[in-house]
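# Observations on chain architecture
The chain contents come next:
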Amino acid sequence: MPAPQHHRIHRTGWLRAAVLGANDGIVSTASLIAGVAAAQGSHGAILTAGLAGLVAGALSMAAGEYVSVKSQSDIESADLKLEQNALLRNSAVELQELTDIYVNRGVPPGLALQVARALTAHDALDAHARDELGISTNSRARPLQAAVASALSFATGAALPLVLAVLTPQAEWRLPVVGIGSVACLAALGAVAAWAGGAPKGKAVARVVLLGAAAIILTAGVGSLFGVAG
């Protein structure tokens, strides 16, 4: 007997927020530190900029994620309320609507009607939410959870290049250590995210490494221009 399959779709909500937050934390903070370092900023200025970027970024991620997901949650709640009212006013029409959905998916009409009646008797709103609106327990928007996950993951990601900057007081080593170390952290993040989501690791790692390295290099270039101008 084959082993049961363990699907990963239930991880999409928190995994997306966590990976996005950590990736943004590493890239934005490493880029900020690289830019200030390339502009010949002092060690204290670099650490201050990195810490400010961590705090501001975490709060911004939390606020942005909450507002975005809350909007989605409000739309879902409004649709569920409309569906609940429709079930109270036109139960027969809603039953036929559910039956037609199953028929269109390939279920024979008689069996589709039986299934629709059984699911309606069990939990009519849940059946219509899932099969008509595409809203399931796994995909329901959770604003607070998303906001907290984004803030914590951003702060965790941002702390990595900041720690590298703290441990590298020598000006000549600061930029390469933070840059290379941050890219290595991005590679590890891409691999972990791919493993958690069951995706190919090579493509995930290449994607985050190339984009992250480009952001760090470009910001360092801008900082270098300001440093020369100063």
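The name an unreviewed UniProt entry gives the protein is VIT family protein, with Bordetella genomosp. 8 as the organism.

## Concerning a nonpolar patch on the surface
A grouping of Y66, V67, L144, V148 and L152 is seen on the molecular surface, where their side chains present a nonpolar patch of about 480 Å² in accessible area. Secondary structure elements with two or more residues in the nonpolar patch: α2 (43–89) and α5 (143–166). Among the elements that make up the nonpolar patch, the one with the highest residue count is α5 (three residues). Examined against the element boundaries, L144 turns out to sit in helix α5. Owing to a relative accessible area of 59%, L144 belongs among the exposed residues under this scheme.

## A word on the nonpolar core
What tends to happen in soluble globular proteins is that the nonpolar side chains get buried as a cluster. I33, I46, F154, A165 and V178 are the most contacted members of the largest nonpolar core, which totals 16 residues. Of all the secondary structure elements, the ones that give two or more residues to this core are α1 (12–38), α2, α5 and α7 (201–229). For this core, the element with the most residues is α1, which contributes five residues. The contacts of A165, once residues within four sequence positions are left out, are I33, H43, I46, L47 and V178.

## Some points on the side chain of T99
Note on placement: T99 falls in helix α3 (residues 91–104). Dropping the residues within four chain positions of it, T99 is found in contact with P109, A112, L113 and A116.

## Some thoughts on the pattern of salt bridges
Throughout the structure, instances matching the rule amount to four salt bridges. A salt bridge links D131 to R130; the shortest N-O distance between them is 3.6 Å. What you see here is one network of salt bridges that share partners, running through R105, D126, R130 and D131.

## Re the environment of V209
Assignment of secondary structure puts V209 in helix α7. Assessed through its relative accessible area of 19%, V209 is described here as buried. Sequence separation of V209 and A184 is 25 residues, and the distance between their C-alpha atoms is 7.9 Å. The residues contacting V209, other than those within four sequence positions of it, are V183 and A187.

## Regarding the environment of D126
Residue placement: D126 occurs in helix α4 (residues 109–131). On the basis of relative accessible area, D126 is assigned to the partly exposed category, the value being 33%. Through-space distance from the C-alpha of D126 to that of S136 is 8.0 Å; in sequence the pair is ten residues apart.

The rules behind these values
Along every chain, residues carry numbers that run from 1 in the direction the sequence is written. The predicted nature of this model means local features are confined to residues of pLDDT at least 70 and side-chain atom pairs, given and counted, to a pLDDT of 80 or more, with totals for whole chains, interfaces and linings taken over all residues. No hydrogens and no water enter the side-chain calculation; it runs on all heavy atoms of the structure. Each patch is built from residues lacking any salt bridge and having more than 30% relative accessible area; the joining distance is 9 Å for like charges and 5 Å for nonpolar side chains (Val, Leu, Ile, Met, Phe, Trp, Tyr). Surface accessibility in these figures is a Shrake-Rupley result with a 1.4 Å probe; residues are shielded only by whichever protein chains are displayed. Whenever a carboxyl oxygen of Asp or Glu lies within 4 Å of a side-chain nitrogen of Lys or Arg, that contact is scored as a salt bridge. In DSSP terms, a helix is any run of H or I states spanning at least four residues, a strand is any run of E spanning at least two, and both are numbered starting from the N terminus. Throughout this description, buried means an accessible area under 20% of the type-specific maximum (1.4 Å probe, protein chains only), exposed means over 50%, and partly exposed covers the range between. In this description, a nonpolar core means a group of buried Ala, Val, Leu, Ile, Met, Phe, Trp, Tyr and Cys residues linked to one another through side-chain atoms lying within 4.5 Å. Residue contacts are defined here by distance: any two heavy atoms, one from each residue, within 4.5 Å place the two residues in contact.

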